Amino acid sequence: MINPPKIAVFLSGRGSNFSAILDAIDRKLLDAEVSLVISNDLDAGGLLTSIRRQIPTVVLERACFKTGNEFSAKMLGCLRSHKIDLIVLAGYMRKIPPAIIREFPRRILNIHPALLPKFGGKGMFGHFVHEAVISAGETESGPTVHLVDEIYDHGEILGQRAIPVLPGETPESLAKRVLEIEHQLLPETIQNYLNIIKLK
Ligand code: GRF
C-alpha cells in the first residue's frame, strides 16, 4: 500500500478545523496522515488534540529565536525531518516565513472565514471578518480555502462555499454557521487538491 501524503497542520487556537481533518481521515474521506502539528502558542486548545492523538507536536514562538532566519530554519528542520508533503494552516495566526513558502511552493493551504478576495488581508481575522461582512450589508458569506503566497489571503482559491447572511445576523451567529461549513470544506478541498497534484 502506498503511504498516504503527510500533512503538517499549523494552528494557534481551539483547533476545530484540525479536528475536522482528523475526523475526515478517520472516516476515510481524506487519504492523508497528519504527521506534525506546529503551533505558535503553547495554550492553543488544538494542542490537546494533537497530544491526545500522539501526533508529533512542536511549539515554535518567533520570540524565542534571536533572528527570523533561526526561526525559519528550525521550522524547516521540523518539516523536513517529518517529510511533510503539504502544510495546512488551520487557524494559524502568524505570517509564514518566506523561506517556508519557497520550500513548499503551492504546497501550503489556508482556510479563511469569508469569501475571498473580499474581506481578506492584514487585520481581517476572527470576529473582524464577520463584523465587516455584516456592516457591508453582504447577503452571502462563507469560507475560502486558498494557496498561501507571500501576501495575506492572496493565493489561488481552491474551494469556497457560500451561505446566506440571515436577517438579524450577529458576527457570533455568522461565525458559528461559517465554521460548520469550514469543517466540511477544508477536508474536502485538501482531498481534491491532493488528487490533482503530483507528490514526489
Ligand atoms: C477559522 O475560522 C478559520 O477560518 C480561521 O481561523 C479559525 C480557526 O478556528 N483561519 P479553529 O481553531 O480551527 O477552530
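Residues numbered from 1 in each chain as written. Predicted model: local features only at pLDDT ≥ 70, side-chain atom pairs only at ≥ 80, totals over all residues. Heavy atoms only, no water.

Another aspect to go through is the overall build of the protein. The number of helices and strands found in the protein is 6 helices and 9 strands. By the compact-globule yardstick of 16 Å for 200 residues, the protein fits well, its C-alpha radius of gyration being 16 Å. Over its C-alpha atoms, taken along the principal directions, the protein stretches across nearly 50 × 45 × 30 Å. By element, 55% of the accessible surface of the protein is carried by carbon and sulfur atoms, the whole surface being about 10,600 Å². Here the protein carries 23 positive and 22 negative side-chain charges, and the mean point of each set is 6 Å from the other. (Helix = DSSP H or I, 4+ residues; strand = E, 2+ residues; numbered from the N terminus. Rg over C-alpha atoms; globule rule 2.2 N^0.38 Å. Areas by Shrake-Rupley, 256 points an atom, 1.4 Å probe, with all protein chains shown as cover. Lys, Arg positive; Asp, Glu negative; His and termini not counted. Charge placed at Lys NZ, Arg CZ, Asp CG, Glu CD.)

Take the site of the ligand next. In the vicinity of the ligand, the contacting residues are Arg-14, Gly-15, Ser-16, Asn-17, Gly-91, Ile-111, His-112, Pro-113 and Glu-182. Here Arg-14 contributes a side-chain N or O atom positioned 2.4 Å from an oxygen atom of the ligand. One of the backbone nitrogen or oxygen atoms of Asn-17 is found 2.8 Å away from an oxygen atom of the ligand. Protein coverage of the free-state accessible area of the ligand, which is 370 Å², stands at 85%. (Near = heavy atom within 4 Å. Polar contact = N/O pair within 3.5 Å; in protein donor to acceptor, adjacent residues only side chain to side chain.)

Look at helix α6 (residues 171–196): 35 Å from first C-alpha to last across 26 residues, which is about the 38 Å you get at 1.5 Å a residue. Taken as a whole, α6 carries its principal kink of about 25° at Glu-182. (Expected span 1.5 Å × (residues − 1). Bend = angle between axes of the 7 residues up to and from the residue.)

With 5 of its 6 residues buried, strand β1 (residues 6–11) lies for the most part within the structure. Sheet topology places β1 next to strand β2 (residues 33–39); 6 bridges connect them, and they run parallel. Across the sheet, Ala-8 pairs through a bridge with Leu-36, a residue of β2. Taken together, the 4 bridges between β1 and strand β4 (residues 86–89) define a ladder with parallel strand orientation. Across the sheet, residue Ala-8 finds its bridge partner in β4, namely Ile-87. (Buried < 20%, exposed > 50% of the residue type's maximum accessible area, 1.4 Å probe, protein only. Pairing = 2+ DSSP bridges.)

In contact at an axis separation of 9 Å, helix α1 (residues 16–26) and α6 are set at 50° when each is read in the N-to-C sense. In terms of orientation, α1 lies oblique with respect to α6. Between α1 and α6 the crossing geometry is right-handed. Residue-level inspection shows Ser-16, Asn-17, Ala-20, Ile-21 and Ala-24 of α1 in contact with α6, the latter providing Leu-179, Glu-182, His-183, Leu-186, Pro-187 and Ile-190. Here the residues of the contact of α1 with α6 are counted per class, giving 7 nonpolar, 3 polar and 1 charged. (Axes fitted to C-alpha atoms, helices over the stretch in contact; angles between N-to-C directions. Parallel < 35°, antiparallel > 145°, perpendicular 65-115°, else oblique. Left-handed = near helix turned anticlockwise from the far one by under 90°. Contact = heavy atoms within 4.5 Å. Nonpolar A, V, L, I, M, F, W, Y, C, P; charged D, E, K, R; others polar.)

Grouped together as the largest cluster of nonpolar side chains are 28 residues, with contacts concentrated most on Val-9, Ile-21, Val-34, Leu-86 and Ile-190. If you list the elements that add at least two residues to this core, you get β1, α1, β2, β4, β5 (108–112), β7 (144–147) and α6. With residues up to four places along the chain from it excluded, the contact list for Ile-190 reads Ile-7, Ile-21, Leu-30, Leu-86, Val-88 and Leu-109. Core analysis: the second largest hydrophobic core is formed by 22 residues, Phe-10, Leu-60, Leu-76 and Leu-79 among them. (Core = buried A, V, L, I, M, F, W, Y, C linked by side-chain atoms within 4.5 Å.)

The next point concerns the packing of aromatic side chains. On inspection of all chains with the given rule, the structure shows 3 aromatic pairs. Plain terms: the ring middles of Phe-10 and Tyr-92 are 5.1 Å apart, the flat faces sit at 80° to each other, and that makes the pair edge-to-face. Of this pair, Phe-10 sits in strand β1 while Tyr-92 is found in the loop between β4 and α4 (98–103), placing the two residues 82 residues apart along the sequence. Across this residue pair, the class does not change: Phe-10 and Tyr-92 are buried. Lys-95 extends its terminal NZ or CZ atom over the ring of Tyr-152, reaching a point 5.3 Å from the ring centre. (Phe/Tyr/Trp six-rings, centres within 6.5 Å; stacked < 30°, edge-to-face > 60°. Lys NZ or Arg CZ within 6 Å of the ring centre and 35° of its normal.)

Before going further, it helps to spend a moment on the sheet that holds strand β8 (residues 157–160). Read across the sheet, 7 strands follow the order β3-β2-β1-β4-β5-β7-β8 without closing on themselves; strand pairing throughout is mixed. Either end of the sheet is taken by a strand with one partner, and the two such strands are β3 (57–59) and β8. Recorded for the sheet is a direction-independent mean angle of 20° between the axes of neighbouring strands. Examined bridge by bridge, β2 and β3 share 3 bridges and lie parallel to one another.

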